[in-house]
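Descriptive analysis of the structure
So you can see what is in the structure, the chains are spelled out below.
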Amino acid sequence: MAKIEIDNLDKEELFEQYRKARQAPIETMRYGVIPNILKFKREAETFLSALSDGGDLADYKEFTGDIGLTLIQKAPEIIAAFDAVIAQLKPLDQARIANGKPQFFGTIEG
């Protein structure tokens, strides 16, 4: 590993620039993407269940419109893709829990 020496303001500012750039995608996943994936899954599953035959909203299925219809048709594939993303991050959360730390991404329910 390269040794980085921060011995002046320019190097400190460069390190801060690096830190922010490194954290940006991590924070986006942590606070934006993953919580919204989990929220989408819950809401889509609830919606699809309600629209299914015998569901509370089955009579409204024809009124869902293009976006709703696309969601109904594509939801299983979308959810499977989201599950694949979550599966990549879940071991990180499991390792943190095993080390007595809180989850980072919130991929483990319960």
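For the structure, check the block above.
The following refers to the structure shown. (Residues numbered from 1 in each chain as written. Predicted model: local features only at pLDDT ≥ 70, side-chain atom pairs only at ≥ 80, totals over all residues. Heavy atoms only, no water.)

**So, the overall build of the chain**
Scanning the chain from N- to C-terminus turns up two helices and zero strands. What you see for the chain is a C-alpha radius of gyration of 21 Å, clearly larger than the 13 Å of a compact globule of 110 residues, by over 25%. By its C-alpha atoms, the chain is 70 × 35 × 20 Å across when sized along the principal axes. Across the 110 residues in the chain, those meeting the buried criterion constitute 18%. The long-range fraction of contacts in the chain, counting pairs at least 24 apart against all pairs at least 6 apart in sequence, stands at 48%. A total of about 8,400 Å² of accessible surface is found on the chain, and carbon and sulfur atoms cover 57% of it. (Helix = DSSP H or I, 4+ residues; strand = E, 2+ residues; numbered from the N terminus. Rg over C-alpha atoms; globule rule 2.2 N^0.38 Å. Buried < 20%, exposed > 50% of the residue type's maximum accessible area, 1.4 Å probe, protein only. Contact = heavy atoms within 4.5 Å. Areas by Shrake-Rupley, 256 points an atom, 1.4 Å probe, with all protein chains shown as cover.)

**Some thoughts on the environment of D93**
Tracing the backbone through its elements, the reader meets D93 in helix α2 (residues 65–98). Sequence spacing of D93 and G106 is 13 residues, and the spatial spacing of their C-alpha atoms is 7.0 Å. There is a polar contact of 2.9 Å between the side chain of D93 and the backbone nitrogen of F105. (Polar contact = N/O pair within 3.5 Å; in protein donor to acceptor, adjacent residues only side chain to side chain.)

**Topic: the packing of aromatic side chains**
Tallied over the full model, the rule gives four aromatic pairs. For the ring pair Y60 and F63, a centre distance of 6.4 Å and an interplane angle of 55° mean the geometry is tilted. Across this residue pair, the class does not change: Y60 and F63 are exposed. A centroid spacing of 5.0 Å and a plane angle of 80° characterise the contact between F104 and F105, whose relative ring orientation is edge-to-face. A single burial state applies to F104 and to F105, both of which are buried. (Phe/Tyr/Trp six-rings, centres within 6.5 Å; stacked < 30°, edge-to-face > 60°.)

**With respect to the pattern of salt bridges**
The full count for this structure, using the stated rule, is five salt bridges. R19 is the partner of E16 in a salt bridge, and the nearest nitrogen-oxygen pair spans 2.8 Å. Within this pair, E16 and its partner R19 are both found in helix α1 (residues 9–51), separated by three residues, close to a single helical turn. One salt bridge in this structure joins K74 and E77, with 3.6 Å as the shortest N-O distance. Of this pair, K74 and E77 both sit in helix α2, three residues apart, roughly one helical turn. (Salt bridge = Lys/Arg side-chain N within 4 Å of Asp/Glu carboxyl O.)

**Examining α1**
Taking 1.5 Å of rise per residue, 43 residues should cover 63 Å, and α1 covers 60 Å from first to last C-alpha, within 8% of that figure. The sharpest bend along α1 comes to roughly 40°, located at M29. Looking only at α1, the buried set comprises Q23, I34, I37, L38, K41, A44, A50 and L51. In the core, the buried residues of α1 are packed alongside α2. (Expected span 1.5 Å × (residues − 1). Bend = angle between axes of the 7 residues up to and from the residue.)

**Points about the nonpolar core**
Core analysis: the largest hydrophobic core is formed by seven residues, namely I34, I37, L38, I86, L89, F104 and F105. Of all the secondary structure elements, the ones that give two or more residues to this core are α1 and α2. Take this core: its biggest share by element is three residues, from α1. Setting aside residues up to four positions removed in sequence, L38 forms contacts with I86 and G106. (Core = buried A, V, L, I, M, F, W, Y, C linked by side-chain atoms within 4.5 Å.)

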